[in-house]
Amino acid sequence: MSESQYAVILKKLVEKKFLAQQAVDDGLEEEKKSGKNIFKVLVAQGAIKEEVLMKAVSEILGMGMLDLSKVAVERDAINKISASTAKFYNIMPVKIDKGSVVVASPDPLNMKLADELRFVSGSDVKIVIAKEDDIKKAIERYYGEEEESLGDVIDEAEKTSCKTLSAEEDADKLKEIASCAPVVKLLNMVLLRAVKEK
């Protein structure tokens, strides 16, 4: 969602008496100074408890809220998103639903996130709301200390059936190789490192 959509949500939270207007104004000032997400700012300032905020936002958006401690995470979903990606974006893949990866995020309004995860996973993505601490615990529980290195991904790419093409082979085969999981993982790792080091 764009900034104006955040404003709409904040207005509704004030109208429904979840937040005082002064708390929102103070939070927006702090957001400008710190660059942090407005929801994180409001929770950090004590204007609203995270769980109350998440429930209210999920109701306003008509979006599901997950308690990750009570959900069985599907291995197929975890296989779609690497540990480094989950940690970088602070998200947790939960399940595959009708071909879409259902991903828990503490910021359901971040549409850029959905687009980036769609690219990374190669699947459509459906965002649901979960508390940030619950997501961090789930990442630790399901991914553990797993952190793929570039070397690991390159080794995996060399072991797979992705073969090199000669110059005269057609573009369709080239597209097929580019979409092989190890190649996509390698590209994602390089991009994530570049963003982290920026």
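Fair warning: this is a prediction, and the values are worked out from it, not measured in the lab.

**Overview of the side chain of Asp134**
And step 1. With respect to the helices and strands, the residue Asp134 is situated in helix α8 (residues 132–143).
And step 2. Buried Asp134, no salt bridge; nearest opposite-charge side chain is Lys131, N-O distance 4.5 Å.

**Re the pattern of salt bridges**
And step 1. Evaluation of the coordinates by the stated rule reveals 7 salt bridges.
And step 2. Between Glu51 and Lys131 there is a salt bridge whose closest N-O contact spans 3.6 Å. One end of the pair, Glu51, is in helix α4 (residues 50–61); the other, Lys131, is in the loop between β3 (124–129) and α8, with 80 residues separating them in the sequence.
And step 3. Each of Lys40, Glu132 and Lys136 takes part in one network of salt bridges that share partners.

**Points about the nonpolar core**
Across soluble globular proteins, nonpolar side chains have a tendency to be buried as a group.
And step 1. In terms of nonpolar packing, the biggest core is built from 24 residues, with Leu68, Ile81, Met92, Val103, Ala104, Leu117 and Tyr143 touching the most fellow members.
And step 2. Counting residues per element, the ones that place at least two in this core are α6 (83–89), β1 (92–97), β2 (100–105), α7 (111–121), β3 and α8.
And step 3. Look past the residues within four positions of Leu117 in its chain and what remains in contact with it is Ile81, Thr85, Tyr89, Ile91, Val103, Gly122, Val125 and Ile127.
And step 4. Counting residues in each nonpolar core, the second largest holds 18 residues, with Ile9, Ile38, Leu42 and Leu109 among its members.

**Here's the deal with unusual backbone geometry**
And step 1. Unlike most non-glycine residues, Lys17 shows phi in positive territory, near 65 degrees.
And step 2. Residue position: Lys17 is located in the loop between α1 (3–15) and α2 (21–34).
And step 3. Under the relative-accessibility criterion, Lys17 is labelled exposed at 73%.
And step 4. Despite not being glycine, Asn90 has its phi angle at roughly 55 degrees, a positive value.
And step 5. Structurally, Asn90 is set in the loop between α6 and β1.

**Concerning the confidence of the model for the chain**
And step 1. The share of residues in the chain with pLDDT of 70 or more is 71%, and the mean pLDDT across the chain is 80.
And step 2. Overall, residues 149–154 carries pLDDT values under 50, and its contacts beyond four positions in sequence, including any with other chains, amount to 12 contacts.

**Focus: the pairing of β3**
And step 1. Alignment of β2 against β3, held across 6 bridges, turns out to be parallel. Bridging from a neighbouring strand, Ser100 pairs with Asp124 of β3.

**Remarks on the environment of Lys98**
And step 1. Considering the arrangement of structural elements, one finds Lys98 in the loop between β1 and β2.
And step 2. Judged by relative accessible area, Lys98 falls into the exposed class, the value being 82%.
And step 3. When the C-alpha atoms of Lys98 and Asp124 are compared, they prove to be 9.5 Å apart, with 26 residues separating the residues in sequence.

Parameters and conventions
- Residues numbered from 1 in each chain as written.
- Predicted model: local features only at pLDDT ≥ 70, side-chain atom pairs only at ≥ 80, totals over all residues.
- Heavy atoms only, no water.
- Helix = DSSP H or I, 4+ residues; strand = E, 2+ residues; numbered from the N terminus.
- Buried < 20%, exposed > 50% of the residue type's maximum accessible area, 1.4 Å probe, protein only.
- Lys, Arg positive; Asp, Glu negative; His and termini not counted.
- Salt bridge = Lys/Arg side-chain N within 4 Å of Asp/Glu carboxyl O.
- Core = buried A, V, L, I, M, F, W, Y, C linked by side-chain atoms within 4.5 Å.
- Contact = heavy atoms within 4.5 Å.
- pLDDT = per-residue confidence, 0-100.
- Pairing = 2+ DSSP bridges.

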